[in-house]
Each structure stands twice: as C-alpha cells, then as structure tokens.
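These are the residues of each chain, in order.
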Amino acid sequence: MSTIEENIRSIRSRMAAAAEKAGRDPGDILLVGASKMNDAAACQAAIQAGIDALGENRVQEMTAKLQEHAYDGAPLHFIGHLQRNKVRQVVGVVSLIQSAGSWELLEEIERQAEKKDLTQEVLLEVNIGGEESKSGFAPQDLYEAAEKARDLSHIRVRGLMTIPPVEQVPHGNLPYFVEVSRLYVDISRKLYDNSFAYLSMGMSDDFEDAIAAGATMVRVGSAIFGRRHYQ
Ligand SMILES: *Cc1c(COP(=O)(O)O)cnc(C)c1O
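Residues numbered from 1 in each chain as written. Predicted model: local features only at pLDDT ≥ 70, side-chain atom pairs only at ≥ 80, totals over all residues. Heavy atoms only, no water.

Asks: Describe in detail the side chain of E61, supporting the description with residues and values.
Replies: Within the element layout of this structure, E61 appears in helix α3 (residues 59-67). Other than its neighbours up to four places away in sequence, E61 contacts S35, K36, M37, N38, E56 and Y71. (Helix = DSSP H or I, 4+ residues; strand = E, 2+ residues; numbered from the N terminus. Contact = heavy atoms within 4.5 Å.)

Asks: Break down the pattern of salt bridges for me, with residues and values.
Replies: The full count for this structure, using the stated rule, is 14 salt bridges. Across the salt bridge formed by E179 and R182, the nearest N and O atoms sit 3.3 Å from each other. One end of the pair is E179 and the other is R182, both in helix α6 (residues 174-191) and three residues apart, which spans about a single turn. We classify E179 as partly exposed; its relative accessible area is 30%. By sharing partners, the salt bridges in this structure join E56, R58, E61 and K65 into a single network. (Salt bridge = Lys/Arg side-chain N within 4 Å of Asp/Glu carboxyl O. Buried < 20%, exposed > 50% of the residue type's maximum accessible area, 1.4 Å probe, protein only.)

Asks: Could you give me a rundown of helix α2 (residues 40-48), with the residues and numbers involved?
Replies: Every buried residue belonging to α2 is among A40, A42, C43, A46 and I47, and all of these are buried. The arc that holds the buried residues of α2, viewed along the axis, is 165 degrees, so those residues lie on one side. Turned more than 90 degrees away from the buried face of α2, the exposed residues are A41 and Q48. Downstream of α2 by a residue or two, G50 has a phi angle that is positive, lying close to 90 degrees. (Arc of directions from axis to C-beta.)

Structure below.
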C-alpha cells in the first residue's frame, strides 16, 4: 500500500470515529484532498485510494496539472484565493468553487458562467476570525450576500466554507466551527429551502473538531500528502 493510501485510510477511520462520537453518519462527510504543491502522480494515488475530490489553490498550478491528467477520476474543486482576472480559467473547469469570498468575485463568476452558458456551483467563504490577511465575507455581511446571490442565475450556492485562524491551543478552532455551522443552518433554512449540502471546514490538525461541529466536507493536505516544502 502506498503512503498516500495508508494516510487516507487512517484519516477515513478518524473521520468515522469523530462522526460516530457526534451521532452522525460517517457517510455524510466528504474528504477533499488539498493537493497544492503535490504532483500529478500524488493526485492520482489519492484518487486510486478513493478520495472524494481534490482541491487546488493556484490557477497556474491547477492548469498545468490538468494537462497531466492529475485529476482524472475525481471531482476537482478550487479552494484557494481567487483573483478576478483568473475566474475565467476556473469557471466550468472545476465542479465547485469553495472560495467565493466577495461580492465582486461572485459577480465575475456569474459573468463568466453566463458567457460559457453553464451554472457554477460555489460555496460562500466566511472570514470567521475577522483576519485582515484572509479573504471571505465578514460574518455580519454573509446573510445579505447569500440573499443577493440567489438572483445570480448562473451561480448555485451550495453552502459555506471557512478557514479559521491558525490554532494557538488544541481545539482552539472549535468555537469558530460552531459559529459557522450555526450560520450554515440558519442561511440554508431561511434563504435556500434547506438545500445547502456542503459545510467545508477542518484541515489536517482540526478536522475532527470540524466534524463535531457539523462539517460535511473536510479539506486535508499534509496529513495525506506529507509536509509541503515551501521555497
Ligand atoms: C492547504 C489547504 C488545506 C489543507 O491544509 P493542511 O493543514 O495541509 O491539511 C485546506 N484548505 C485550504 C484552503 C488550503 O489552502
């Protein structure tokens, strides 16, 4: 068994344990591999091992890896900060843009999706920690954005995504996860006929807490692919 396959098995069993502890069905939680800085072979190993989707952060890297058929056999998501001038290269190429974090970005996604005559599924990104360095809607702006987004006819909002602040203490992000989960349930019920499906939160160090709080999708990178080596 490859290391990637072993890692995925072990994460799946930890996900299942966390789900059961929370009285949830493990089958309701998707595992997305955050594959940035990992090559096409690593992506294919994760797909062979049954990952539910892969998520990329950078448009240039994603485009290059698409050429190498890195994602053949699994859905592809965009999970990184998206610049407006790169939206065209992402719309219709990925099945889900998880990081729709501003009104300007939503409008550009709408424009490009209309041009391509398709409907793009997105998640609204919430900047739950209120950090300057992070993109995403402020929690107090989220409801209005979700309401206005219903009028964008080439976008379908499927849920929320969040990246909380870097954890300072064990379980430090649990309150953020609980807060985003509350927003998710509220907005889905009041604005979207309970049709939301994806609450994307939790990474290598905290996916169990995210599951305890209600995540239906976790994004795991280093615990699957090993530590990334930044230049
Ligand atoms: C890199 C990344 C992850 C995964 O982070 P790990 O700590 O390596 O699991 C999840 N979500 C986003 C948006 C990322 O950029």
